[in-house]
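# Report on the structure
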Amino acid sequence: MDGTDIARLELTGKPAPDAFLEAARRVGTEPLRAVVVEDAIAGVEAGRAGRFGCVIGVDRRGHAMALRDAGADVVVTDLAQVQVAVDPPSTWSLAYESFDPAQEGIREALCTLGNGYFATRGAAAGAVADDIRYPGTYFAGGYNRLCSNIANRVVESEDLVNCPNWLALEFRVAEQDWFDARTVKLLSYRQELDLRRGMLLRSISFEDAEGRRSTLKERRLMSMSGMHLGALELALTADNWSASVTVRTAIDGRVVNAGAKLYRMFNNKHLEPLEGNVIGEDSVCLLVRTCQSNVHVAQAARTRVFLDGQLLAVPRRVIEEPGYIGQELKIDVKQAGHWCWRSWPLSILRAIKPFQSACWRHARL
C-alpha cells in the first residue's frame, strides 16, 4: 500500500487504520497476526486503532515517550534492534519491555539466576537495597540464627543469609550522578531472562539531563560447571557524546536481610566483616562471617575494562570501608565508542564446619 492506493481507494489517512487494514487484507492475514513498524506518532496511533498484534515505534527524533503514549508496544532507535525468534519468545524467555519501578521487586525474584549452589536475584547492576530494589545473593547451607525482642518477647529465628553484594558495579558519565534508570529519560528498555542459555539480559537506551544519548547492555550468568563462578558484563555505547566515564566496582558486605517486610522488625544483621584486600591490579577480595553459625564467606572480584575490544590498563583508586572493598577507575569514551567491564568470580574455596565457605569473582566478559 502506498499514497497512490490510499487516494485511489479514498481511504482515510493516519491516524485512521484504514491503510494498514487494507494492507493486511491484501497479504491475507488478520491484524492480530501482523506487525506495524512506524516512526510517526500518527502511524503508531493507526496501528493501535487497528488492533494489530504488535506496534513497533522507531524513535528517530528523540520522542520515545510520545510513541509509547500513542500506543507503541516496543520503541527502538534502530531497526537492527528488532530480532525475530524462530521459537515463540514465551517458550524460552521471560521478557519485560518497559521499566516499572512498582514491579521491580517481583521481577528481581522471577529473574533470579542460580546453579544449585548459589543464586543471585535479578537486581540491576549497581542497585542497592531501597524502596523498590533488593539485590540478594544466597548460597546453600548459609544459615544464621538471631534473637529479636518483639513486643517484650525474645524470638529466635534462623534465616538464609543475604551474602555480600557482588553486583556493586556502577558508572557515571562526566560528573553526572551515578546511573539510575529512574533519573534519566528512557528511550527504550528491555529485560529478558533467557532460559535456554541461562542468562539475564538488559538493553537500555537513555538520554541524560545534558542530552547525551547512550545504549547500555548487561549480561549475567551463573556457571553450571564451576559452582563458585558467576559473571557480569556491562557494555556502554556513546551515541552522540564524548566524555570521561567513571566506573566503580566493589564487593559490598554491609548488606542485611531486609527483603521480606514481615521480618523487618527482627534483627537482620547476620554478617561480620573480617578483611578486605586488593589482589594484584584488577581484583578485590572480601572476607566475612556469620555472627552465630560462624560460616566464613570469601568473595573475590576481578574487573577488566575493554574499549572497542581492546583490554585497557587503567589506573585505579582503592575505596575501602568496614565491610566494603572496591576500586574506582576513569575511561575516556568517544562518540560511537564502545566499552565494557568484565568480572569473573574467583574460585577460592574454604572448608568451615559445618558449611563450606563460598567465593566468587566477577568477570567482565
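About the thresholds
Residues numbered from 1 in each chain as written. Predicted model: local features only at pLDDT ≥ 70, side-chain atom pairs only at ≥ 80, totals over all residues. Heavy atoms only, no water. Pairing = 2+ DSSP bridges. Helix = DSSP H or I, 4+ residues; strand = E, 2+ residues; numbered from the N terminus. Axes fitted to C-alpha atoms, helices over the stretch in contact; angles between N-to-C directions. Salt bridge = Lys/Arg side-chain N within 4 Å of Asp/Glu carboxyl O. Buried < 20%, exposed > 50% of the residue type's maximum accessible area, 1.4 Å probe, protein only. Contact = heavy atoms within 4.5 Å. Core = buried A, V, L, I, M, F, W, Y, C linked by side-chain atoms within 4.5 Å. pLDDT = per-residue confidence, 0-100.

### A short note on the sheet that holds strand β1 (residues 35-38)
In space, the 3 strands of this open sheet follow the order β1-β2-β3, with parallel pairing throughout. Each having just a single partner strand, β1 and β3 (74-76) make up the two edges of the open sheet. Averaged over all pairs of adjacent strands, the angle between their axes in this sheet comes to 20°, without regard to strand direction. Note: β1 against strand β2 (residues 54-58), 4 bridges, orientation parallel. Of the residues in β2, the one forming a bridge with Val 35 is Cys 54.

### Some remarks on unusual backbone geometry
A negative phi holds for most residues other than glycine; trans holds for most peptide bonds. Along the chain, Lys 14 connects to Pro 15 via a cis peptide bond; the corresponding omega equals 15°. Take Pro 15: it is sitting in the loop between α1 (3-8) and α2 (18-26). The phi dihedral of Ala 174 falls on the positive side, at around 55°, and the residue is not glycine. When you line up the elements, Ala 174 lands in the loop between β10 (169-173) and β11 (185-194).

### Let's talk about the pattern of salt bridges
In total, this model carries 30 salt bridges according to the counting rule given. Here Arg 190 ties to Glu 192 by a salt bridge, and the two come within 3.3 Å at their closest N and O atoms. Residue class for Arg 190 comes out partly exposed when judged on its relative accessible area of 28%. By relative accessible area, which is 15% here, Glu 192 ends up buried.

### Structural notes on the sheet that holds strand β20 (residues 316-321)
For sheets, the rule is that strands pair by backbone hydrogen bonds, running either parallel or antiparallel. Spatially, 4 strands are ordered β10-β15-β21-β20 in an open sheet, and the strand pairing comes out antiparallel. Looking at which strands have only one partner, the edges of the open sheet turn out to be β10 and β20. On average, each strand axis in the sheet is inclined to that of its neighbour by 20°, with strand direction left out of account. In the sheet, β20 pairs with strand β21 (residues 324-333) via 6 bridges, with the strands oriented antiparallel. In the strand pairing of β21, Arg 317 is matched with Glu 328.

### What about the side chain of Glu 22?
Here Glu 22 lies in helix α2. Non-local contacts of Glu 22, meaning those with residues more than four positions away in its chain, are made with Met 1, Leu 9 and Leu 11.

### Quick notes on the nonpolar core
Within the largest apolar cluster, 52 residues are counted, with the highest numbers of intra-cluster contacts made by Leu 186, Phe 206, Trp 241 and Val 245. Counting residues in hydrophobic clusters, the runner-up holds 14 residues, among them Phe 20, Val 36, Ala 46 and Ala 72.

### Overview of the pairing of strand β14 (residues 230-238)
Taking burial as the measure, the 9 residues of β14 include 8 buried ones, the bulk of the element. Bridge count for strand β13 (residues 213-222) against β14 is 9 bridges, and the pairing is antiparallel. From the neighbouring strand, Arg 219 faces β14, where its bridge partner is Glu 233.

### Let's talk about the confidence of the model for the chain
Summary statistics for the chain give a mean pLDDT of 87 and a share of 90% for residues scoring 70 or more. Across residues 344-365, where pLDDT falls below 50, the model places 115 contacts with residues more than four positions away in sequence or in other chains.

### Details of the pairing of β10
The two faces of β10 differ: Leu 169, Phe 171 and Val 173 on one face are buried, but Glu 170 and Arg 172 on the other face are not. Looking at chain direction, β10 and strand β15 (residues 243-252) are connected through 5 bridges and run antiparallel. The partner of Phe 171 across the bridge, within β15, is Val 247.

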